[in-house]
Amino acid sequence: MGRIRLLSDTVASQVAAGEVVERPASVVKELIENSIDAGARKIEILIRRGGISLVRVVDDGCGMDRDDALLSLERHATSKIRSAADLQAVSTLGFRGEALPSIASVSRFRLTTREPNALAGTEIIVNGGKIDIVRDGGEAPGTQVEVRSLFFNVPARRKFLRSENTESRNIEHQIHLQAIGHPQTAFTLLRDDRLVFQVPTTETLGDRIRDLYGAELLERLIQLHGAASRKVQIRGFIGQAGLSRQTRAQQLIFVNGRAIDSGLITSAIREGYHTALMKGQYPVTFLFLDLDPATVDVNVHPAKREVRFRDPNAVREAIVRCIQQSLERGRTEWQEKFRAPLGVPAGVPGKVAPNLRLRPEVSAPEESNRELPHLGSTVAGVVDPGRAIKTHPPPSPGPVKRDGDRQQFQIIGVLNKLYVLMENADGLVLVDQHAAHERILFEELRRRMEEQGVPSQKLLLSQIFDLPPRDADWVERNMSILQKMGIGIESFGPNTFKVDSLPIFLNASDPAQFMRKVIDDLKSVSSSSSEMRLGEEMIAKTVCRHAVKANDPLRYPEVEKLIRDLLDCDLPYCCPHGRPTMIQISLAELEKKFGRKV
Ligand code: ADP
Ligand code: MG
């Protein structure tokens, strides 16, 4: 008896704060979201020492009168929903009425706020959840929140904070998310009194991306158009095939305007990119999903970073399809540029290409069997692999068209026995012959798999081998696709299998060991993927061994065929592992490098 007690509001807020306010970036997130809900057109953020010593967010939103300002610090006080029914269709970023009291309970907190037409504003100072001062304040209309000494009264939490740099980076990422999500709001970030960035209000997402990340990135993005399905609208931008990052920092996802983390969506994006994405790399996405609010539950997590979909499969499929179609479209657009006839530099109308054809033509039939000029490896040093080179994703399929007698690109030679140098209207193209061959082989095998199956070759001796029960189960389930892949495998007793043929292009000296490796490689992809996908994965993993090795010298007709086959591919600009097959260096970039143009 008498052991149970109601927690005081301050303690209850601190407990709740544990979930809402994990680190300085969460403070920034909550405050910015409040500013946006208040209709701010301009938000200024200042942080000191990674936000641990100070976070200040100033907005020009609707402000609050004194009663509301006091009420906003109470737990579960919100102006955004009134009834449980409103939860069905939340249109604001906030709705739980928890952020301000939570933050105020774990910091030294100051709120000043003023409605646009009010004569005076209100200033409230709270220390560790206890209101110390309430008085008139004279700031401009809008709201200003200052959060100092975060977690000063929760040492256990403070210990979990990372370095100031890391916390600053988290904050910056958070502000990027908000800035991308709300292009019509201007943002300024000051870190330790230095301006980190400042973006003006803009009309479109594209403008915001350019302002925040630069025109070069925007150029390499594909805009998503309109509806993916009746239930899910998808808009925004995604990186062209071959564009990727080592971190998730530019994989931004929004559901009904709210930045979220979603395993479901990230894996759908991956599936959409499939072989257009380098292994271990992350795609660049500014992906906005809009769906009926009644079909998304945003009230899953106190920080509202996660959502639950009523029909997750529909969402997944819509994203996969949208990304596949957009990548295809991106390819068509690039194709036009890549294939523009030589002599008419793309984008420089009226200007005649300066002496582009210095070297002799190499396509004369009588010469066609000679080896291509091999350019010394010293040339490589001239090519700065840094920012000047764009890994342009994108040409596209279709036979190499000839424009009269002149084809639309011309092979110049082979550099370092690996890189084919070509000229097209836009400038110089470098093709990695190894990666190119991988792509060609991959698509050919995939086609065969779809049609009649990959041709296989009988082994001299069939092999019998055991597998652990789980792997055996996997093989049983995927038997038919393995057979289509040219692997002649069948059951041979419990957990035992027999292989008597392998795909023709493979020369595995130990078939049993090869099978174990295939199973290891593939079982992780199988659970959620289609048969086709599994087959593709397998081809992607095995073609590499068969592709032309770097340093295999090729003769001219072989190089020409390689390029033609490459351009016939569905996704010619990256190998099945997502590495680029070709790099375009435009004439404009060359001119810049040579100081001909500023
Ligand atoms: P929620 O955002 O979930 O409603 P908060 O604790 O974040 O809960 O904020 C409580 C209330 O305070 C909000 O509903 C809003 O009415 C008011 N408020 C908070 N920040 C601002 C702001 N920057 N401008 C105007 N009103 C604000
Ligand atoms: Mg809020």
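Scroll up for the structure.
How each quantity is defined
- Residues numbered from 1 in each chain as written.
- Chains lettered and ligands numbered in written order.
- Predicted model: local features only at pLDDT ≥ 70, side-chain atom pairs only at ≥ 80, totals over all residues.
- Heavy atoms only, no water.
- Pairing = 2+ DSSP bridges.
- Helix = DSSP H or I, 4+ residues; strand = E, 2+ residues; numbered from the N terminus.
- Axes fitted to C-alpha atoms, helices over the stretch in contact; angles between N-to-C directions.
- Contact = heavy atoms within 4.5 Å.
- Core = buried A, V, L, I, M, F, W, Y, C linked by side-chain atoms within 4.5 Å.
- Buried < 20%, exposed > 50% of the residue type's maximum accessible area, 1.4 Å probe, protein only.
- Domains from an automatic or database assignment.
- Parallel < 35°, antiparallel > 145°, perpendicular 65-115°, else oblique.
- Left-handed = near helix turned anticlockwise from the far one by under 90°.
- Nonpolar A, V, L, I, M, F, W, Y, C, P; charged D, E, K, R; others polar.
- Near = heavy atom within 4 Å.
- Polar contact = N/O pair within 3.5 Å; in protein donor to acceptor, adjacent residues only side chain to side chain.
- Areas by Shrake-Rupley, 256 points an atom, 1.4 Å probe, with all protein chains shown as cover.
- Expected span 1.5 Å × (residues − 1).
- Arc of directions from axis to C-beta.
- Phe/Tyr/Trp six-rings, centres within 6.5 Å; stacked < 30°, edge-to-face > 60°.
- Lys NZ or Arg CZ within 6 Å of the ring centre and 35° of its normal.

Caption draft 1: Here's a closer look at the sheet that holds strand S5 (residues 130-137). Strand order in the open sheet formed by eight strands is S5-S4-S3-S6-S2-S1-S7-S8, and the pairing between neighbours is mixed. Only two strands of the sheet have a single partner each, and these edge strands are S5 and strand S8 (194-199). Between one strand axis and the next, the sheet turns by 10° as a mean value, whatever way the strands run. Both strand S1 (residues 42-48) and strand S7 (residues 186-191) contribute to a ladder of six bridges, which runs parallel. Among the inter-strand pairings, Ile 45 is bridged to a residue of S7, identified as Leu 189. The sheet strands contacting helix H2 (residues 24-37) are S1, strand S2 (54-59), strand S6 (142-148) and S7, and the helix crosses S2 at an angle near 10°.

Caption draft 2: Expanded view of the nonpolar core. Grouped together as the largest cluster of nonpolar side chains are 57 residues, with contacts concentrated most on Phe 109, Ile 180, Phe 187, Ile 209 and Phe 286. Considering each element in turn, this core owes the most residues, six residues, to H2. Residues from two domains meet in this core; each of domain 1 (9-199) and domain 2 (220-337) gives at least three. For Ile 180, the contacting residues outside a window of four places in its chain are Leu 205, Arg 208, Ile 209, Leu 212, Tyr 213, Leu 252, Phe 254, Phe 286 and Phe 288. Counting residues in hydrophobic clusters, the runner-up holds 35 residues, among them Val 296, Val 307, Ile 319 and Val 320.

Caption draft 3: Local environment of unusual backbone geometry. The phi angle at Asp 193 is positive, at roughly 70°, despite the residue not being glycine. Even without a glycine there, the phi angle at Asn 256 is positive, about 45°. The residue Asn 256 is located in the loop between strand S12 (251-255) and strand S13 (258-259) in this model. With relative accessibility at 34%, the residue Asn 256 sits in the partly exposed group.

Caption draft 4: Spatial organisation of the packing of H2 against helix H6 (residues 164-181). With their axes 8 Å apart at the nearest point, H2 and H6 run at an angle of 25° to one another. One element, H2, and the other, H6, form an angle in the roughly parallel class. Of the two elements, H2 crosses H6, and the hand of that crossing is right-handed. Here Pro 24, Ala 25, Val 28, Lys 29, Ile 32, Glu 33 and Ile 36 of H2 come into contact with H6, specifically with Glu 167, Asn 170, Ile 171, Gln 174, Ile 175 and Gln 178. For the contact of H2 with H6, the class distribution of residues is seven nonpolar, three polar and three charged.

Caption draft 5: Local environment of the sheet that holds strand S26 (residues 496-503). The strand order across the open sheet built from three strands is S24-S26-S25, with neighbouring strands paired in antiparallel fashion. Where the open sheet ends on each side, the last strands, each with one partner, are strand S24 (456-466) and strand S25 (488-491). On average, each strand axis in the sheet is tilted by 15° relative to the strand beside it, whichever way the strands run. Looking at chain direction, S25 and S26 are connected through four bridges and run antiparallel. Its bridge partner being in S26, Glu 490 is matched across the sheet by Lys 498.

Caption draft 6: Seen up close, the site of ligand 1. Neighbouring ligand 1 are 19 residues, the closest being Asn 34, Thr 78, Ser 79, Lys 80 and Gly 97. At a separation of 2.6 Å, an oxygen atom of ligand 1 approaches a polar side-chain atom of Thr 78. Side-chain polar atom of Lys 80 to an oxygen atom of ligand 1: 2.7 Å apart, as the coordinates give it. Within the complex, 92% of the 530 Å² of free accessible area of ligand 1 lies under protein. With three residues, helix H4 (residues 99-105) is the largest single contributor of residues to the shell around ligand 1.

Caption draft 7: Structural detail: the pairing of strand S3 (residues 108-114). Where burial is concerned, most of S3 is hidden: six out of the seven residues are buried. Two elements, S3 and strand S4 (residues 121-127), share six bridges in a ladder whose sense is antiparallel. Paired with Thr 112 across the bridge in S4 is Glu 123. As paired elements, S3 and S6 share seven bridges and run antiparallel to each other. Of the residues in S6, the one forming a bridge with Thr 112 is Gln 144.

Caption draft 8: Region of interest: the packing of H6 against helix H7 (residues 205-213). Contact geometry of H6 with H7 gives a least axis separation of 9 Å together with a crossing angle of 150°. For the element pair H6 / H7, the angle class is roughly antiparallel. Contacts from His 176, Ala 179 and Ile 180 in H6 reach Leu 205, Arg 208, Ile 209, Leu 212 and Tyr 213 in H7. Counted by class, the contact of H6 with H7 contains six nonpolar, one polar and one charged residues.

Caption draft 9: Broad picture of helix H16 (residues 556-568). Between the first and last C-alpha of H16 there are 18 Å, a value that for 13 residues agrees with the 18 Å anticipated at 1.5 Å per step. Residues Tyr 556, Val 559, Glu 560, Leu 562, Ile 563, Leu 566 and Leu 567 constitute the buried set of H16. Taken down its axis, H16 places every buried residue within 155° of arc, on the same side.

Caption draft 10: How the structure looks around the packing of aromatic side chains. Taken as a whole and assessed by the stated rule, the structure comprises three aromatic pairs. Residues Tyr 213 and Phe 286 carry aromatic rings whose centres are separated by 5.7 Å and whose planes lie at 45° to one another, so their mutual orientation is tilted. Residue Tyr 213 is located in helix H7, and its partner Phe 286 is located in strand S15 (residues 285-291); the two are separated by 73 residues in the primary sequence. No difference in accessibility class separates Tyr 213 from Phe 286, as the two residues are buried. Directly above the ring of Phe 152 sits Arg 108, whose terminal nitrogen or CZ lies 3.9 Å from the centroid.

What is shown is where atoms sit, not what they do.
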